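Results of the structural survey
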2 protein chains.
Amino acid sequence: MSDRSQRTATCTANSNIAFIKYWGDRDPCLRIPVNSSLSMNLEGLTTRTRVTFDPKLAGDQLTLEDQPVTGEALARVSAFLDRVRQMAGISLFAEVRSSNNFPMGAGIASSASAFAALSLAAAHAAGIALGEKDLSRLARTGSGSACRSVPAGFVEWQAGESDEDSFAFSIAPPDHWDIVDNVVIVSQAHKTIGSTEGHALALTSPLQTARVADAPRRLALCRRAICERDFEAFADMVELDSNLMHAVIMTSTPPILYWQPPTLAVIHAVQAWRRQGWPVCYTIDAGPNVHVISLSAHADRVAQELSGISGVSKVLTARPGRAARVDEDY
Amino acid sequence: MSDRSQRTATCTANSNIAFIKYWGDRDPCLRIPVNSSLSMNLEGLTTRTRVTFDPKLAGDQLTLEDQPVTGEALARVSAFLDRVRQMAGISLFAEVRSSNNFPMGAGIASSASAFAALSLAAAHAAGIALGEKDLSRLARTGSGSACRSVPAGFVEWQAGESDEDSFAFSIAPPDHWDIVDNVVIVSQAHKTIGSTEGHALALTSPLQTARVADAPRRLALCRRAICERDFEAFADMVELDSNLMHAVIMTSTPPILYWQPPTLAVIHAVQAWRRQGWPVCYTIDAGPNVHVISLSAHADRVAQELSGISGVSKVLTARPGRAARVDEDY
């Protein structure tokens, strides 16, 4: 291919929420996880990214939310683009413009949607046609959970043991099960310890090995619950798996406590609703926000109740989401 | 001894706070724990108990806080008194009157001080002279952690493997180290799941085996930190061990979440103070209250700050406490 002309693509990817969590790497460079995970894409909680390979550039450029970014974030994107350039056999630098429609770094997986969108946009702009599996593998090298934002709907990330066999695939399309994620934003503060650093601490917890050893059982039960649309079995596994991840996080060295007081208020509210028979459960990523999953029929009432809890600043609502996609209008 | 006359004794025992926690039994009937634990008696947070063996009684009687008690609580005390009667070779029923000077069932170990005081009072009233070790063993059969409220100061409960070798002993007297426990009461509500039931659930957590396997290491480091009065090393172990216990509790089946929003607010405050260099740390028993341990010189300021945290209803202050004792004035 020629290095002389500008090549551009704009892509959109959804964030995802893990029901069986990824925490800890077998290979931190390639982001090969220690256990397989399971998630749902979140329709409407998106990152939109434009990549333009341009012979006029003297270096990669990154713009997030219309703000130029340098330092570590640019270095991480540049290293990722190197991988794409190598695959495509090009040496052009790129301009990357990216924006989210939800707050970054507060427990919604912004790096997941970001690197899923970047993978697709960079590959498309560079003129390489990657299948879903290879796009997922590529996204994984940018941010582990990004590989799950590439396929559609309900997604399993097979841990694998190498770059080749660690990728995500859809286990059910978005319309398979009518559940809703009410994302409870309890703090928009940027978290002090990012996921990448957290993953590196996982093995300092005396509990990580036990969490990982039990993960295949939890994943199998959760997958079956999704396939059979068995909310009760699903809820038990989702809450247990979330608690297990936070158990590891709060017992690592140094310990991290992502939960804030309103996080706990939401958990207790969800537990009370479950005891009353509502089809609802909670799961929490590496941050203070709570994802409250319910059957669609209960979602409006759940969202309304959640909004009334002290310390809750916002509730975002998402249904099972589509795959990462190339935008038509670029 | 004669069964004809009234025999009475009044005894007082302190509550204790575990730095290395007891959670899970090897033998639930004899309350032989799965791991050794380490605690400090809390001077002034006491149970005072009078036991009167009386030939006029047709059954055991229990009065708590001036209220007559029947049902499960009486049955537990009666079964305990059977043990004492067997040791003493008597068959008299007893009147037991007991009162605490702190709220029951909310994360301060009221059953610990209660069964320590009851052990000493019952043995004394029954006319049997037990040494500290045998008193500790006896108290253990009433409530596991009660065995730690028998000896003075800083106390280790050697898990052992049988009734004979599972008892507590003092590793340092109360004046060994000038630290203070500010007990933050965030809720006086009676907890929904008691410790005895919680212990029985411990092994349903995928994390309990790992917690127990690592316990001897934590205990050795905590014991050394106490002996050397090394607050920083002490604080690291105390917080880790508390988090490990709650990790197990929140991942058992069913899961239990003892923490309330103010619990977490206090934890975050303590973490912030530690980062500022204050000699302070937290530990939480099976309830929502937080024990904030600090060097004595910082205790007043800590107590003052704690009182200002939203949701904190009371702060009780305790120094390292004495052994269980027979009251002079009965």
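Residues numbered from 1 in each chain as written. Chains lettered and ligands numbered in written order. Predicted model: local features only at pLDDT ≥ 70, side-chain atom pairs only at ≥ 80, totals over all residues. Heavy atoms only, no water.

1. Quick notes on the packing of helix α2 (residues 110-126) of chain A against helix α3 (residues 132-142) of chain A
All names here are of chain A. Two elements in contact, α2 and α3, have axes separated by 9 Å at closest approach and are oriented at 125 degrees. One way to sum up the angle between α2 and α3 is to call them oblique. The handedness of the crossing between α2 and α3 comes out as right-handed. Facing F115, A116, S119, L120 and A123 of α2, the residues of α3 in contact are L135, L138, A139 and G142. Residues that form the contact of α2 with α3 fall into these classes: 7 nonpolar, 2 polar and no charged. (Axes fitted to C-alpha atoms, helices over the stretch in contact; angles between N-to-C directions. Helix = DSSP H or I, 4+ residues; strand = E, 2+ residues; numbered from the N terminus. Parallel < 35°, antiparallel > 145°, perpendicular 65-115°, else oblique. Left-handed = near helix turned anticlockwise from the far one by under 90°. Contact = heavy atoms within 4.5 Å. Nonpolar A, V, L, I, M, F, W, Y, C, P; charged D, E, K, R; others polar.)

2. As for the domain arrangement of chain A
Residues and elements named next belong to chain A. Each assigned domain of chain A is listed with its residue range as follows: domain 1 (7-175) and domain 2 (178-318). Here the C-alpha centroids of domain 1 and domain 2 sit 23 Å apart. With 31 residues of domain 1 at the contact, the number on the domain 2 side is 42 residues. Here domain 1 packs against domain 2, burying approximately 3100 Å² in sum over the two surfaces, 68% of which is carbon and sulfur. Of all residues in domain 1, the largest losses of buried area upon contact with domain 2 belong to F19, K21 and W23, amounting jointly to 28% of the total for that side. Here E156 ties to R223 by a salt bridge, and the two come within 2.9 Å at their closest N and O atoms. Taken together, the links from domain 1 to domain 2 amount to 9 residue pairs in polar contact (both at pLDDT 80 or more). (Domains from an automatic or database assignment. Buried area = accessible area lost by both parts, 1.4 Å probe. Salt bridge = Lys/Arg side-chain N within 4 Å of Asp/Glu carboxyl O. Polar contact = N/O pair within 3.5 Å; in protein donor to acceptor, adjacent residues only side chain to side chain.)

3. Re unusual backbone geometry
Omega for the peptide link from T253 of chain A to P254 of chain A comes to 0 degrees, which places this bond in the cis form. By the secondary structure assignment, P254 of chain A is in the loop between α7 (231-249) and α8 (261-275). The phi torsion at R229 of chain A lies on the positive side, around 50 degrees, for a residue other than glycine. Inspection of the secondary structure assignment puts R229 of chain A in the loop between α6 (215-227) and α7. One non-glycine residue, R31 of chain B, lies in positive phi territory at about 55 degrees. Mapped onto the fold, R31 of chain B is located in the loop between β2 (25-27) and β3 (32-33). The class of R31 of chain B is buried, set by a relative accessible area of 12%. (Buried < 20%, exposed > 50% of the residue type's maximum accessible area, 1.4 Å probe, protein only.)

4. Side note on the sheet that holds strand β10 (residues 179-185) of chain A
Residues and elements named next belong to chain A. One open sheet accounts for 4 strands, arranged β11-β12-β10-β13; its pairing is antiparallel. In the strand order of this sheet, the two ends are held by β11 (280-283) and β13 (314-318), each with one partner. On average, adjacent strands in this sheet sit at an angle of 25 degrees to one another, irrespective of strand direction. Pairing between β11 and strand β12 (residues 290-295): 4 bridges, direction antiparallel. Its bridge partner lying in β12, C281 is registered against I293. With respect to the sheet, α7 is in contact with β10, β11 and β12, its orientation differing from that of β11 by roughly 20 degrees. (Pairing = 2+ DSSP bridges.)

5. As for the nonpolar core
In terms of nonpolar packing, the biggest core is built from 84 residues, with F19 and F234 of chain A together with F19 and F234 of chain B touching the most fellow members. Not counting chain neighbours up to four residues away, the residues in contact with F19 of chain B comprise L38, S39, M40, F154, I179, C222, I226, F234, V238, D241 and I293 of chain B. Counting residues in each nonpolar core, the second largest holds 42 residues, with I284 and V312 of chain A together with A269 and V270 of chain B among its members. (Core = buried A, V, L, I, M, F, W, Y, C linked by side-chain atoms within 4.5 Å.)

6. Quick look at the side chain of S166 of chain B
All names here are of chain B. Examined against the element boundaries, S166 turns out to sit in the loop between β8 (154-158) and β9 (167-172). By relative accessible area, which is 0% here, S166 ends up buried. Side-chain polar atoms of S166 contact the side chain of W157, separated by 3.1 Å. Setting aside residues no more than four positions away along its own chain, S166 makes contact with I32, P33, R137, R140, W157, Q158, A159 and G160.

7. Looking at the interface of chain A and chain B
Where interface size is given, it is often the accessible area lost as the parts come together that is meant. Every contact between the two is made by 21 residues of chain A and, on the other side, 21 residues of chain B. Interface area for chain A against chain B, summed over the two sides, is near 2000 Å², with a carbon-plus-sulfur share of 78%. Applying the counting criterion to the chain A and chain B interface returns 0 salt bridges. It is α8 of chain A that provides the largest number of residues to the side of chain A that touches chain B, a total of 6 residues. Class assignment of the residues belonging to the side of chain A that touches chain B gives a composition of 14 nonpolar, 5 polar and 2 charged.

8. A few points about the relation of the copies chain A and chain B
What relates the pair of chain copies is a rotation about an axis plus a shift along that axis. Rotating chain A by 180 degrees about the axis while translating it 0.0 Å along that axis superimposes it on chain B, leaving an RMSD of 0.0 Å. Such values leave the two copies arranged in the relation of a two-fold axis. Same-surface contact between copies: 100% of interface residues of chain A are shared with the interface of chain B. (Least-squares fit on C-alpha atoms with pLDDT ≥ 70 in both.)

9. Considering the pairing of strand β7 (residues 94-100) of chain A
Put simply, side chains in a regular strand alternate between the two faces of the sheet. Residue and element names in this part refer to chain A. Side chains of β7 alternate between two faces, with A94, V96, S98 and N100 buried and E95, R97 and S99 left unburied. Bridge count between strand β4 (residues 37-53) and β7: 7 bridges; the pairing is antiparallel. Of the residues in β7, the one forming a bridge with T47 is N100. In this sheet, β7 lies alongside strand β5 (residues 61-64) in parallel orientation, the contact comprising 4 bridges. Bridging across to β7, L62 finds its partner in V96.

10. Details of the pattern of salt bridges
Residues and elements named next belong to chain A. For the coordinates displayed, the defined rule picks out 44 salt bridges over all chains. For K56, the salt bridge identified is with D54, shortest N-O distance 3.8 Å. For K56, a relative accessible area of 70% corresponds to the exposed category. Note on D54: relative accessible area 10%, which makes it buried.

11. Topic: the packing of helix α1 (residues 71-88) of chain A against α2 of chain A
All names here are of chain A. At a closest axis distance of 10 Å, the pairing of α1 and α2 adopts a crossing angle of 35 degrees. The handedness of the crossing between α1 and α2 comes out as right-handed. Here R76, V77, F80, L81, V84 and A88 of α1 come into contact with α2, specifically with F115, L118, S119, A122, A123 and A126.

12. Brief notes about the sheet that holds strand β11 (residues 280-283) of chain B
Residues and elements named next belong to chain B. Taking strand neighbours across the sheet as the criterion, the 4 strands line up as β11-β12-β10-β13 in an open arrangement whose pairing is antiparallel. Both outer strands of the open sheet, β11 and β13 (314-318), are each paired with one neighbouring strand and no more. Ignoring strand direction, the axes of neighbouring strands in this sheet form an average angle of 25 degrees. Lying over the sheet, helix α7 (residues 231-250) contacts β10 (179-185), β11 and β12 (290-295), oriented at roughly 20 degrees with respect to β11.

13. Regarding α1 of chain A
All names here are of chain A. Relative to the 26 Å expected for 18 residues at 1.5 Å per residue, α1 spans 25 Å between its end C-alpha atoms, a close match to the ideal helical length. Burial in α1 covers these residues: L74, V77, S78, F80, L81, V84, R85 and A88. Summarising the contacts, the buried residues of α1 are in contact with β4, β5, β6 (67-69), β7, α2 and α3. G89 sits one or two residues past α1 and shows a positive phi near 70 degrees. (Expected span 1.5 Å × (residues − 1).)

14. Re the state of the cysteines
All names here are of chain A. Taken as a whole and judged by the stated rule, the model has 0 disulfides over all chains. Summary of cysteine pairing: C11 is not part of a disulfide, and the nearest cysteine sulfur, belonging to C147, is at 17 Å. The exposure class assigned to C11 is buried, which follows from its relative accessible area of 0%. We note that C147 lacks a disulfide partner, and the nearest cysteine sulfur, in C222, lies 16 Å from it. Residue classification places C147 among the buried positions, given a relative accessible area of 0%. (Disulfide = S-S within 2.5 Å.)

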